[in-house]
Every structure is written in structure tokens, then in C-alpha cells.
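# Results of the structural survey
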Amino acid sequence: MIKTFILLLIFIVTIPSLFAQKATKAAYVELGGAGIASINYDMRIMKKNDGLGFRIGIGGFSINNGSYKTTALFVPVGLNYLLGKDNKHFFELGAGATFVSLKEKNTFNDPYYQNSNDRFNSTFGHLYFGYRVQPKDGGFLFRAGLTPIFGKGYFIPYWAGVSFGYAF
């Protein structure tokens, strides 16, 4: 399943880039937000610095507390829209979904627990309302905003994120 997501990521990043050579692109690291801790690619659909765009990322973490090892993979995808008049400072609106895969492995030496491996796959939706600094001719990119997340039976309205990266 991970190979499928990596191939999808490569496809989504390369194909649109072939048709929009002059469109603004960006790569950034996001802490919090839709990918919890992720590396992302963002591109405008049209050949300008604002307007409609998309983002895709990959992130995750691993925790080992001695008796259990938990590994998480996050793949956020979404559409966004940048509103601004000076081609550098923008209000960003976005929506999308994040695929989540968690794997927990029991690391006890007791034979009774050796086959205890749990995997959890799910998806949650997310919105984005934030501020973005992205120079027209490329350079340092900064994003900060609220990222409400929701799924079946839950809604977290005050989840937030911050991003640092490079626009080109």
C-alpha cells in the first residue's frame, strides 16, 4: 500500500508540472496542520502566484516505548485558493483529506504476545484558513493557520499548523 501512495505522489507532482512550467510551485515542511509532521509539494494550477492550487505531502512518526512500537504514516492531499493583491501576502483557504496508516507492534519477549500486531487505516477531512507569505519570484515561504479536522464521529475545530519552505 505504501508503494501505491509513493507512485501516486510522484504522478501527482510530475504530470501537472509538465503542463504548467511557469506556475508557482513550493516545497515546505508542515508541523501540525493536515499532515501532523509532513513534507509537502504545492503548485498553482494557473501561471500566476495566486488562485487555485493543490498540495500533497507525506509525513509520519515512530514511537518506541519499550513494549510497543507505533509507526504512523500521513498523506495529506487537498485543494487551496490564495487571495491577495500584492503577489506576496495571501489569505489561504483550503480543503482536503489525509490518509492515515498506524501500525502498532508488540515488542514483548513473551511468546504469548509475539503475534500481536495491529494496523489501523483511516482518512480524515481537513479545512485550512491561514496566512501565507510566498514571494512572486520565489524564495522563503511561510504559512500559519487553523486546520479544523473532522471524521466519522469527531470534529476538532482548533487544530493549527505552521509551515516553512521555499517557493520556486
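As a reminder, the structure under discussion sits directly above these lines.
Predicted, not measured: the structure shown is a model, and the values here were computed from it.

What counts as what
- Residues numbered from 1 in each chain as written.
- Predicted model: local features only at pLDDT ≥ 70, side-chain atom pairs only at ≥ 80, totals over all residues.
- Heavy atoms only, no water.
- Patch = residues over 30% accessible without salt bridge, like charges linked within 9 Å, V, L, I, M, F, W, Y side chains within 5 Å.
- Areas by Shrake-Rupley, 256 points an atom, 1.4 Å probe, with all protein chains shown as cover.
- Salt bridge = Lys/Arg side-chain N within 4 Å of Asp/Glu carboxyl O.
- Lys, Arg positive; Asp, Glu negative; His and termini not counted.
- Charge placed at Lys NZ, Arg CZ, Asp CG, Glu CD.
- Helix = DSSP H or I, 4+ residues; strand = E, 2+ residues; numbered from the N terminus.
- Buried < 20%, exposed > 50% of the residue type's maximum accessible area, 1.4 Å probe, protein only.
- Phe/Tyr/Trp six-rings, centres within 6.5 Å; stacked < 30°, edge-to-face > 60°.
- Lys NZ or Arg CZ within 6 Å of the ring centre and 35° of its normal.
- 1 Å grid on protein atoms, 1.4 Å probe; cavity = no way out; pocket = protein on both sides within 12 Å on 5 of 7 lines; lining within 4 Å.
- Points joined across faces, edges and corners; volume = space filled by probe spheres on them.
- Pairing = 2+ DSSP bridges.

Quick look at a positive patch on the surface now. Among the surface-exposed residues, Lys69, Lys103, Lys105 and Arg119 lie close enough to one another that they form a single positively charged patch. Structurally, lysine 103 is set in strand β5 (residues 89–106). Using a relative accessible area of 37% as the deciding quantity, one classes lysine 103 as partly exposed.

Here the focus is the packing of aromatic side chains. Following the criterion strictly, the structure yields four aromatic pairs and no others. Members of the aromatic cluster, connected to one another through ring pairs, are Phe140, Phe142 and Phe164. The ring of tyrosine 128 carries arginine 143 above its face, with NZ or CZ at 4.3 Å from the centroid.

One pass over the structure, following the stated rule, counts one cavity of 30 Å³ or more. Roughly 70 Å³ of volume is contained in the largest cavity. Those elements giving two or more residues to the lining of the largest cavity turn out to be β4 (68–83), β5 and β6 (117–133). Tallying contributions element by element places β5 first for the lining of the largest cavity, with four residues.

Glancing now at the pattern of salt bridges. On inspection of all chains with the given rule, the structure shows six salt bridges. In this structure, the salt-bridge partner of arginine 132 is glutamate 92, at a minimum N-O distance of 3.5 Å. Taken as a pair, arginine 132 in strand β6 and glutamate 92 in strand β5 lie far apart in primary sequence, 40 residues in all. Here the residues in one salt-bridge network are Glu30, Asp42, Arg44, Arg55, Glu92, Arg132 and Arg143, joined through shared partners.

The pairing of strand β1 (residues 25–32) with strand β10 (residues 160–167) spans seven bridges and is classified as antiparallel. Looking across to β10, one finds that alanine 26 is bridged to alanine 167. Pairing between strand β7 (residues 139–146) and β10: eight bridges, direction antiparallel. Bridge pairing links glycine 139 to alanine 167 in β10.

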